[in-house]
Each structure stands twice: as structure tokens, then as C-alpha cells.
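# Coordinates in review
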Amino acid sequence: MSRALPLSPPTAPGPPGPPSDAPASSSPGPRSPLGALLVRVRGALPVLPVVAVVALLGLPIAPSGEGGANIADAMSGLLVVGCAVRLVRDRRRPLSPGAAVVLALPVIGIAVAAADAAGPGAGLTGLTRYLQIFVLVPAAVALLVRDRRDLRLLAWAFVALALWQGTVGVHQYVTGTGASYQGEDVRAVGTFGPTDVMGMATVVAFGLVCAVALALGSGTVRQRTPAVVCALALLPPLALSFSRGAWIATALACGAQLALAGLRRAVKVGAVVAAVAVILVGGLGVGTEMLQQRLDSITQVTEAPDQSVVDRYTMWAAAVDMWRDHPLTGVGLKGFPDHRDGHASLALSSGSDIGGAGTAYSKQPLLSPHNMYLLVLSEQGLIGLLALAGSWLALLVCALRGLVRVRRAPPDGPATAVGGGPARTATGLDCALIACGLLCWQLVDFVYADIGGPSTVLTGVCFGLVAWWALVDRVSPLSLASEAGVSPARPVAAGASVRPTASDAPGASDAPASGASGASGASGASAAEAVPTAPASEAAAPPVSASAASPESSPTPGSTEEAPTR
């Protein structure tokens, strides 16, 4: 363990000697802005492939009704392969057994349904898609995110993508170059085109949920202010998407975030949102007659439903009828289109009309029930639905338990570190709200939508962020830190035998060193935040009393050595 050496007595000045290779002082000098930027980029290298997947969804999508793979899907494949190579290279235990079971649970129903598919081509295609969205991409994201700083970085990536797609969507509405809606090309669809009218709505909703979480969390004013501005800026494009399912899911998710953040804050934010809504709708006229009619149609889905609602009800009934004929295993992956006409009533139309946004008018066939739960029930049966929904329910329970632990932890502010100096206790409330909000939005939206389209890969990234918070972060009941008996809020008693770490150094954040790799780095370093431990290079050093420890005896902040958990 490094210790400060006593100062040498002053010596008489002598003749200048040859230059030495050793630095004149062991303390690093001030970093240049470029150097600080390079350090940040190098620290975020493991998670940059995930950022690349999000960024690639901002590119224009070629109009196609086939719903095939795009460049973002290809990048997600490279993400999974790179994560697998990293796990083999590190040879570490990345997840606890409980976390691995939660992530792998959907494989049971997917494999059984793939075996019952109509043909090998359909089974292989469906198997690949389901594994990509619900198993492989979420697992890779959960293993590559190392700390809460990475989670916040990805949340801001969601916000940036939403702002870009929202800007394109508002431009489409203003200039009349959007998708066709009630005979006019005014529907905001972003770069996804009319074949994926839910794409922009989904992206903007994800960004809005992340912005609300960052604004409500325990971050600094430098984080809250831009988050509030971004959240307000994303409201108009979400409204102009004319997506009723996205509106309902966003309202419920943001309402849940407000309730989880605290009643007093919820009242304040609710008053601001109400005032902004009055200004936009009443003062500036944002909404027009089309938007008002779309809002009114939400309450008329049972009394006077339009044709899109009739088609949806008909396909829901057809999906339930398919399940009755095959209750355990369903009709097989990709089997809904083949069995639709045999179970649907005559009220089903021939397809939905699409056009605008650079695409000629055409009929898009209705190949899914637009309800993820009924789609899984019809194609995978009870086995698949219980496995998939069971995984989602476990993520929700673990995410909420992590949020409760964070709420009970000491708030941000001065605390006592291992040398008696000031330390910062980060609660991570914003990360908890991001995970809970995204999962809540997705579970509600699945009542009105299912997977399909270019934006589907973002659903896998979303589940990966939730999985990291619910299964890997130190407050998760299924994380390695929790299995080791680490309590994030446990205080250090005076005179206790502890080992100082870099996380105890002044200015250290709630993230581990940038050199930690994979989920094992996330779990191990997260545990190091709760219980001070020794760096790997000093594992054999004798314990040091907390009262005798000093800042000089702590390792250098930013060390790339990973601290083993005790």
C-alpha cells in the first residue's frame, strides 16, 4: 500500500544535472479539454457499440413493407458477438444464477414455438427475431453497461435520437410531407416512413420517458435543466404522431415516474405540464381539429370505433381463437398470418392504407394482432406467454425493489469517507426512474402494439437497460453484490477494519473505474462502492483501521485495477 514519505530536509542548490526521465511531481497536472474528452471517451468504450445501435436508427429507412433487417439490426448482431468474445476472453462470472435465469427464461417458449412452426424458414426467422429482441440484445446491453454513468449516457442517447426524429416529424407535419392521415400527408413518422407509423412515436416516447427520469432524479442542476427542456420539446412530435397507444403508454409511464419520485415533486411537475399544455393547445393552437378528433376517439373505442379499431378487435378475437385450438404451444412462430383468415370474422378489412412521406399509396396487409401478449399467446401458447411474461414480471419486481433501496439510501450530500474527508453518496434515483419508466411504457404499449419494423431493435436495447438496473446494479436483489451480502446503505462503523478504494477518494462518483470490463466489472465495482475493499494489486495487504486511514493512503482515483468484493 502506498504511503506518503516524509519531506526531505532542504539541501543547498547545486549545479544543474542532466534531465531526468522521472516527473518532477507525482501529482498530475491540470488536464486539457482534449485530454479530458479522450479520457471520457476511453472510459465509455465498452458501451459505445450500444450507442451506435441507437444512433443508426436516426438514418433514413428505405420504404419496404417486408419489415426486414436494417443496419441497426446488423449492428446489434455485432454487439452480441463482441460481448460474447469479451466474456470468453475475461473468463469471469458475469451474472448471478438468478439473473441468468430471468434473462434466459423466454428461450423456453421461443424454442418450443419454433419447433411447431409451419416450415423451417418461418421457424428460423421467428426464432432469430425473438432471441434478438428479448434475449441476446438485452443480455449484451446488460453485460456491457458497467455503471450508472453508462446508463445515463445511453439515456441521453435515447433523448438525442428522439429529438432528431421529433424534429423530422414536426417538419413533416408543417410542410405536409408526412404519412397519409385522413386524406392529408400530415402524420409525423420521422425517418421510418409510413410502413412503420409507430416507429417515431416509440422513439420519441422513449426519449421523453428518459428525459423525465433525468429531470426527476437526484442529478445536478446541469443535468436537470436540459432534461426538462428536452422533455417539453418532445411533447409536440409525440402529439403529431397521432399514435393513441403511444399517448396512453407515455402518460401512464410518466405518471408512474412522478409517483415514484415523490408526491411533492409530482404535484409541481404536473402543474408545469398542465400549464404548457394549456399554452400549446389553447394559446398557440397546437393540436388542430385532427388532433382533437384523435383524442376523442380514445373514449369512443367501444361506442363508435373507427375501422382501425374494428380491425384490431377482430384480430384480437382471432388470436384468442387460435390459442383455444392450440392452448399449450400455439400455432408456431410466424403462424398468425397463415391462420388469420380461418379465425377472423368478416369485419376484418383487407389491409391498412399507407402512403405519403415519399411512398406511393398501397395496402399494407394485417399480419399481426397489434397486441404483443395475444401474439405470443396465439403463436407460442401458454408456455411461451408464461415464460416471456414471467421474465418481464421478474424484471419489474427487481427494478422496483432496487428503486425502494435507492429511496432508502442517504441522499446526495457530504458524508464521511475512509480518511475522515468528504465523500459523495450517489443515490441513483434517476437511473431507477429510467429503468422503471421504460419498462412500464413497454408493458403498457404491448397492449396496443407488437414487435415489427425498423424501430424494434430499440425495444431490445430498452430491455437491456432495464435488465442492468434490475439484475446487475448493486441495489438489485439478484446482483452479485447482493448475493455477497453487500448493503449499499450500510454505514462504516468507527474503528472498523476496512480497506480503502478508489471509490472512497474525493470526487469519486458512483461508477467503478473505467478499466472494468463487462457485467462483472459492473457488479464487482458496484460492490466496492458499498463496502471498501483493497485493489487487486494490494489484496494481500493487512487491514487498515478507518480511524488511522488517510487520504494519502488511498489508491489513485481512476485506477484501472478492479477491486475484489469481500
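Right, let's walk through the structure included here. This is a predicted model, so every value here is computed, not measured. (Residues numbered from 1 in each chain as written. Predicted model: local features only at pLDDT ≥ 70, side-chain atom pairs only at ≥ 80, totals over all residues. Heavy atoms only, no water.)

### Concerning the side chain of Asn 371
Mapped onto the secondary structure, Asn 371 falls in the loop between β4 (359–364) and α16 (372–408). Looking at Asn 371, its side chain comes within polar contact range of the main-chain oxygen of Val 447, at 2.9 Å. Those residues within four positions of Asn 371 in sequence are excluded, and the remaining contacts are Trp 316, Phe 446, Val 447, Ala 449 and Asp 450. (Helix = DSSP H or I, 4+ residues; strand = E, 2+ residues; numbered from the N terminus. Polar contact = N/O pair within 3.5 Å; in protein donor to acceptor, adjacent residues only side chain to side chain. Contact = heavy atoms within 4.5 Å.)

### As for the pairing of strand β2 (residues 184–187)
Sheet topology places strand β1 (residues 179–181) next to β2; three bridges connect them, and they run antiparallel. What sits directly across from Ser 180, in β2, is Asp 185. (Pairing = 2+ DSSP bridges.)

### Looking at unusual backbone geometry
Within the chain, Phe 242 stands out as a residue other than glycine whose phi angle is a positive 55°. Among the secondary structure elements, Phe 242 is positioned in the loop between α10 (235–240) and α11 (244–261). For Lys 334, which is not glycine, the phi torsion reads 60° and is therefore positive. Secondary-structure assignment places Lys 334 in the loop between α14 (307–325) and α15 (336–343).

### Examining the packing of aromatic side chains
Applying the stated rule across the entire model yields 13 aromatic pairs. Consider the rings of Phe 206 and Trp 441, whose centres lie 4.9 Å apart with planes at 65°: the pair is edge-to-face. In this pair, Phe 206 sits in helix α8 (residues 197–216) while Trp 441 sits in helix α17 (residues 429–445), placing the two residues 235 residues apart along the sequence. One exposure class covers both Phe 206 and Trp 441, and it is buried. Ring plane angle 85° and centroid distance 6.3 Å describe the contact between Tyr 373 and Phe 446, whose orientation is recorded as edge-to-face. You can see Tyr 373 sitting in helix α16 and its partner Phe 446 sitting in the loop between α17 and α18 (456–472), a full 73 residues away along the chain. The exposure class assigned to Tyr 373 is partly exposed, which follows from its relative accessible area of 23%. (Phe/Tyr/Trp six-rings, centres within 6.5 Å; stacked < 30°, edge-to-face > 60°. Buried < 20%, exposed > 50% of the residue type's maximum accessible area, 1.4 Å probe, protein only.)

### Focus: the environment of Cys 230
Along the chain, Cys 230 falls in helix α9 (residues 221–233). Cys 230 gets classed as buried once you look at its relative accessible area, which sits at 13%. Spatially, the C-alpha atoms of Cys 230 and Gly 207 are 8.5 Å apart, while their sequence positions differ by 23 residues. Residues within four places of Cys 230 in sequence aside, it is in contact with Trp 156, Val 159, Leu 163 and Ala 211.

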